[in-house]
Amino acid sequence: MSEPEIKVGKTSSALFDRAPMAPSMPGGRASSSHGLSVTDDIDARIWERIKDHPCFSEQAHHYFARMHVAVAPACNIQCNYCNRKYDCTNESRPGVASVKLTPDQALRKVLAVASKVPELSVIGVAGPGDACYDWRKTVATFEGVAREIPDMKLCISTNGLALPDHVDELADMNIDHVTITINMVDPEIGAKIYPWIIHGHRRYTGIAAAGILHERQMLGLELLTKRGILTKINSVMIPGVNDTHLVEVNRWIRDRGAFMHNVVPLISKPSHGTYYGLTGQRCPEPFELKALQDCLDGNIKLMRHCQQCRADSIGLLGDDREREFALDQISTKVEFDTSKREAYRKLVQHERGDQLAAKLDANKAVKSLGSSGTLAVAVATKGGGRINEHFGQARELQVYAVSLKGITLVGHRKVEQYCLGGIGEKATLDHTIVALDGIDILLSSKIGDCPKKRLAETGVRASDAFSYDYIETAIGALYAAEFGGKPAMPTALGPSN
Ligand code: CLF
Ligand code: SF4
């Protein structure tokens, strides 16, 4: 039986304590209140273009899914964080092998997934090499998808070197969302990230290679901006190499019309066999990443919900389903069934209006308290903006920071599934406790007494009292209880037991 109400007490607020504005970052500024990243600062025409794209809109990622088709294995550069035996680390977790597809196989898989996953709204080519370098396969895939499912959004991710050659074709194919990975604007720094590139049938190394890459990336971005294509810039944060430099990158891309900046942490282990992995290059700590993101916030829209997806990811961000769609289990003749898709869209249209209203109300209430208190809240969710996942089933938790500035999604923490076959694993819980470092409160739709007690011993208050509530509504109520003297009453379906 779970407690109906969280006992509020002194918060550790470690997430805030450990994430000061990075002093060495030029132009550093405190975090703005861009948690309301959907409609408050975006014009209606742009909102129409991003509202169903899970990466370009934080709100959309609660409702819509992307599917990556791994049709582009060839690459024209070498990044020190990439080993080509693995997925492209621009857009994937290294060490996870991709299934490479031909364009025909990709189309068959897209049709099968679109029939079964009504949330699917975007087909992306994100490697495992470079979508613009392996261009013919990218085009053949998109032509097939556009022919069979005309309302599907198409999206690519690229290192930018071959991008300027294809901007007109991208526009002709109605590709409205492009991601370029830009890690530097100074070739001297670039030479520490890229040992070589192939350009115009020639191989370049060192500063010359990085200089060409930089020029092509900036040209590609400018051309996309001219064509009105929405461009997101991914930057890999590499401590001691480009971490403080990313402030400069942010300024360059903003000046050239980028829509959004997504700073992702380097993922590097010796077992990945990459240059950085083998030479001991460290990855940034979560608080370092947050400090950099806070420093950049307000200059340009920031993405904070990126999953660093595999090149063959399928599903809502954070709820990958690629294992359900092995190619050999998909029939050679797939009938595309649109009915589920249409019904789902109608449902979402209604639901997201409610969610947005709840989010705005909760933010208003938090700000109106005028408190200097802060809270860090982790949430188990399967989407829809609700607390709707059991603690024992969650494989990731979304992290929200609450302060005078409002309620902001600041990232996510990967956890292992605690409950397997109805039994909780102690070792798994120990890992989860480490992953919850700095978190004050954990919200899920259900949690057993045993893990709840163990989490409480480590300072994390866990509750399922807000089961199926909107996330922001629950967090707002908790914040009011903590800092405004109001009881934290569950507001939707009430306490579970
Ligand atoms: Fe894929 Fe990238 Fe398109 Fe999204 S992923 S090509 S923009 S459809 Fe999204 Fe994945 Fe982050 Fe990429 S969460 S890694 S940002
Ligand atoms: Fe690897 Fe992608 Fe870099 Fe190419 S662009 S080397 S595939 S991370």
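Shown above is the structure to which this text applies.
Being a predicted model, the structure only gives us computed values, none of them experimental.

Criteria and thresholds
- Residues numbered from 1 in each chain as written.
- Chains lettered and ligands numbered in written order.
- Predicted model: local features only at pLDDT ≥ 70, side-chain atom pairs only at ≥ 80, totals over all residues.
- Helix = DSSP H or I, 4+ residues; strand = E, 2+ residues; numbered from the N terminus.
- Buried ≥ 20, exposed ≤ 12 C-beta atoms within 10 Å, placed from the backbone.
- Axes fitted to C-alpha atoms, helices over the stretch in contact; angles between N-to-C directions.
- Left-handed = near helix turned anticlockwise from the far one by under 90°.
- Contact = placed C-beta atoms within 7 Å.
- Nonpolar A, V, L, I, M, F, W, Y, C, P; charged D, E, K, R; others polar.
- Pairing = 2+ DSSP bridges.

**Things to note about unusual backbone geometry**
For residues besides glycine, phi is generally negative; the peptide bonds are generally trans as well.
Moving on, step 1. At N174, a residue that is not glycine, the phi angle is positive and equals roughly 65°.
Moving on, step 2. The topology assignment puts N174 in the loop between α5 (167–172) and β5 (177–181).
Moving on, step 3. A tally of 12 C-beta atoms within 10 Å means that N174 is categorised as exposed.
Moving on, step 4. Its identity as a non-glycine residue notwithstanding, H201 has a phi of 65°, on the positive side.
Moving on, step 5. On the secondary structure map, H201 appears in the loop between β6 (196–199) and β7 (202–205).
Moving on, step 6. We classify H201 as exposed; it has 5 C-beta atoms within 10 Å.

**Focus: the packing of helix α3 (residues 103–116) against helix α4 (residues 135–148)**
Moving on, step 1. At a minimum axis distance of 9 Å, the contact between α3 and α4 shows a crossing angle of 35°. Pair α3 / α4 crosses with right-handed handedness. On the side of α3, the interface is formed by P103, A106, L107, V110 and L111, while α4 contributes K137, A140, T141, G144, V145 and E148.
Moving on, step 2. Looking at side-chain class alone, the contact of α3 with α4 contains seven nonpolar, two polar and two charged residues.

**Things to note about the sheet that holds strand β14 (residues 406–414)**
Picture the strands of a sheet paired through backbone hydrogen bonds; they go either parallel or antiparallel.
Moving on, step 1. With respect to topology, five strands assemble into an open sheet ordered β14-β13-β12-β17-β18, the strand pairing being mixed. Since the sheet does not close on itself, it has two edges, and those belong to β14 and β18 (461–463), each with one partner. The sheet shows a mean angle of 25° between the axes of neighbouring strands, direction not considered.
Moving on, step 2. Note that strand β12 (residues 375–379) and strand β13 (residues 396–403) share five bridges and pair antiparallel. The partner of V379 across the bridge, within β13, is Q398.
Moving on, step 3. Sheet contacts for helix α11 (residues 339–368): β13 and β14; angle to β14, the most-contacted strand, approximately 110°.

**Let's talk about the sheet that holds β7**
Moving on, step 1. An order of β2-β6-β7 is seen for the three strands of this open sheet, with the pairing classed as antiparallel. The open sheet has two edge strands, β2 (77–78) and β7, and neither has a second partner.
Moving on, step 2. As paired strands, β6 and β7 are joined by four bridges and run antiparallel to one another. The residue of β7 that forms the bridge with H199 is R202.

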